[in-house]
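Chain and residue survey
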Amino acid sequence: MPDNFQVRDVFNPAVVQRLAQNLSATWPTFPAADFCAFILPRLPEQTYSERCQHITDALGKYLPKDFPSAVGILLSALPDKIEKSEVEGYEGFIILPQTLFVSWYGMEHFDLSMQALYEMTQRFTAEFAIRFFIEKYPERTLATLRAWATDPNPHVRRLVSEGTRPLLPWALRLKRFVIDPAPTLSLLDLLKNDPALFVRRSVANHLNDHAKHHPDTVVETLKRWKSAHPGQEMDWLVKHATRTLVKKGHPGALELIGFKKGAAIRLENFTVAEAVQLGGYLDFQFDLVSTANEEQALVIDYVLYFKKADGSLSPKVFKMTTRKLLPGEKTNLQKRHPIRPITTRVYYPGRQVLAVQVNGVELEQAAFDLLM
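Here is what the cut-offs are and how they apply
Residues numbered from 1 in each chain as written. Predicted model: local features only at pLDDT ≥ 70, side-chain atom pairs only at ≥ 80, totals over all residues. Heavy atoms only, no water. Helix = DSSP H or I, 4+ residues; strand = E, 2+ residues; numbered from the N terminus. Buried < 20%, exposed > 50% of the residue type's maximum accessible area, 1.4 Å probe, protein only. Contact = heavy atoms within 4.5 Å. Areas by Shrake-Rupley, 256 points an atom, 1.4 Å probe, with all protein chains shown as cover. Lys, Arg positive; Asp, Glu negative; His and termini not counted. Charge placed at Lys NZ, Arg CZ, Asp CG, Glu CD. Pairing = 2+ DSSP bridges. Axes fitted to C-alpha atoms, helices over the stretch in contact; angles between N-to-C directions. Disulfide = S-S within 2.5 Å. Phe/Tyr/Trp six-rings, centres within 6.5 Å; stacked < 30°, edge-to-face > 60°. Lys NZ or Arg CZ within 6 Å of the ring centre and 35° of its normal.

Looking at the overall build of the chain
- Within the chain, the regular secondary structure consists of 16 helices and eight strands.
- Taken across its 372 residues, the chain has 49% of its residues classed as buried.
- In the chain, once contacts between residues fewer than 6 apart in sequence are set aside, the share between residues at least 24 apart is 67%.
- Approximately 18000 Å² of the chain is accessible, and the part contributed by carbon and sulfur atoms is 51%.
- Taken as two groups, the 45 positive and 41 negative side-chain charges of the chain have centres that lie 2 Å from each other.

Quick look at the structure:
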C-alpha cells in the first residue's frame, strides 16, 4: 500500500470496477458503466463509511428489485473462498457492502439471507450484517449461529462469536446482550477450544466486551473453562479476555492469570517530564523495590489522566510489563509514551497526570503539562 494509504481507500476505483465486471459476467445485462459512473465520482470526497454505504446504495439501484434474483447474482459473482484462517490485505473489503445489501434488502427473506451471509463470510466477514437479523429475529438467528458453531469453515465459526459481540467496534450495538450475556456465552462455550487461533481471539474479545458490564460473570466463566481445559491455549485466551479487568485491578481476573490484587512494593525515583508538546513523547521512569518476604509476580501498568473539556481528568490505563521480583530486589522501568493526535481522543492543553499502577493498585501520581 502507498505511504498515504487511508482506510477508506479499501473502497477504490479498481475494486469497484472489478465488482462491476464480476456482476456483468454473471448477469450480462448488468449496467456496469452506469454502476461505476454512479459510484466513482463521489469517492474522493467520501469517508470509509460513506463509501461503503454508497456502494451498497448502488447495488440496490442497479441490481434487480426482486431480492432472490439480486442475491443470486451476488452469490454467483463471489470470488473464491479464503483458504487461510486469517484475512490478509484489503481486497476482501468489497464484500462488506454486499453483506449490508443482504441486511437492508433481505430482511423478509430470512433463510435466503442466512445462506447468503454464510457464503459471504467465507470471503470476508458478515459480522456487521448479521447483527440486523439478530435484532429482528433473535431466536431464529441464534439457532442458526449455534448450528454454524461446528461448521468446518473457521470463518463461519468466527462469525458466531464476532457477529454476536455486544460492543463490536463500528457496528450496531447489541443491547440485548449487554443486558443479558447468557445467550452469547452459550455460543462461546462451543468455541472456546476452537482449533483456529483467530476464532479463539474473537471469543476472548467477545468476553472482554462482556467484562465491561458483567465482570464477575466473565471471571466465573473463565474459571470454569480453565479448570476443565487447562493448557497454554486456554491460558492465552484467559489472559486476552481479562485484559480490561486486569487493568482495572479486578481481584478475580488478576488471580486467574497468576497475580494478586496489590503488591508488597515500594516506588522510588519516579520522574516524569515536566512538559510534552502534542505530537511528542512523554518520558518517565521509576524503580520498584520488593518489600515482600517471598518472590512476587507483578503486573505493571501506567495510567494517564487526560484533561477533558470541562477541566476534569479522565483515566486511561496502558499496559507496561510484567515482572517477578525476589525479596528486596529492585527493577528500573522506563517508557516513552507518544502523545499524538488520534481520532478517538480530543486533547486539551494544561495539567495532566501520570500514575504508576501495580497489580491493579495505583502507587503514586505525577503531573505534567501538555503544550499545544
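Some remarks on the side chain of N205
- Its location among the elements puts N205 in helix α12 (residues 197–211).
- If we ignore the near neighbours within four places in the chain, the residues touching N205 are R165, H240 and R243.

Some details on the sheet that holds strand β6 (residues 330–338)
- Taken together, the three strands give an open sheet; going across it, the order is β1-β3-β6, and neighbouring strands pair in antiparallel fashion. Here the strands that pair on one side only, and so sit at the sheet edges, are β1 (265–272) and β6. Put simply, the sheet's adjacent strands are angled 20° from each other on average, direction ignored.
- Pairing between β1 and strand β3 (residues 281–290): six bridges, direction antiparallel. Counted as the bridge partner of V272 is F284 from β3.

Considerations on the sheet that holds strand β4 (residues 296–307)
- Read across the open sheet, the five strands follow the order β2-β8-β7-β4-β5; overall the sheet is mixed. Strands with a single pairing partner mark the edges of an open sheet, and in this sheet they are β2 (275–277) and β5 (313–325). Shown here is a sheet whose adjacent strand axes are inclined to one another by a mean of 30°, direction ignored.
- With nine bridges joining them, strand β7 (residues 350–358) and strand β8 (residues 361–371) adopt antiparallel strand pairing. Across the sheet, L354 pairs through a bridge with A366, a residue of β8.

Comments concerning the state of the cysteines
- Here the structure, examined in full by the defined rule, presents zero disulfides.
- Distance from the sulfur of C36, which forms no disulfide, to the nearest cysteine sulfur (C52) is 16 Å.

Here we look at the packing of aromatic side chains
- As enumerated under the stated definition, the model contains 18 aromatic pairs in all.
- Between F11 and F93, the aromatic rings sit 6.5 Å apart at their centres with planes inclined by 85°, giving edge-to-face as the arrangement. Note that F11 is positioned in the segment before α1 (13–26) and F93 in the loop between α4 (67–76) and α5 (95–105), a separation of 82 residues in sequence. Across the pair, F93 and F11 agree in class, each one buried.
- Joined through ring pairs, the aromatic side chains of W27, F30, F35, F38 and Y62 make up one cluster.
- Taking NZ or CZ as reference, R140 lies 5.6 Å from the ring centre of Y137, over its face.
- Across from the ring centre of Y281, 4.4 Å away, lies the NZ or CZ of R336, which sits over that ring.

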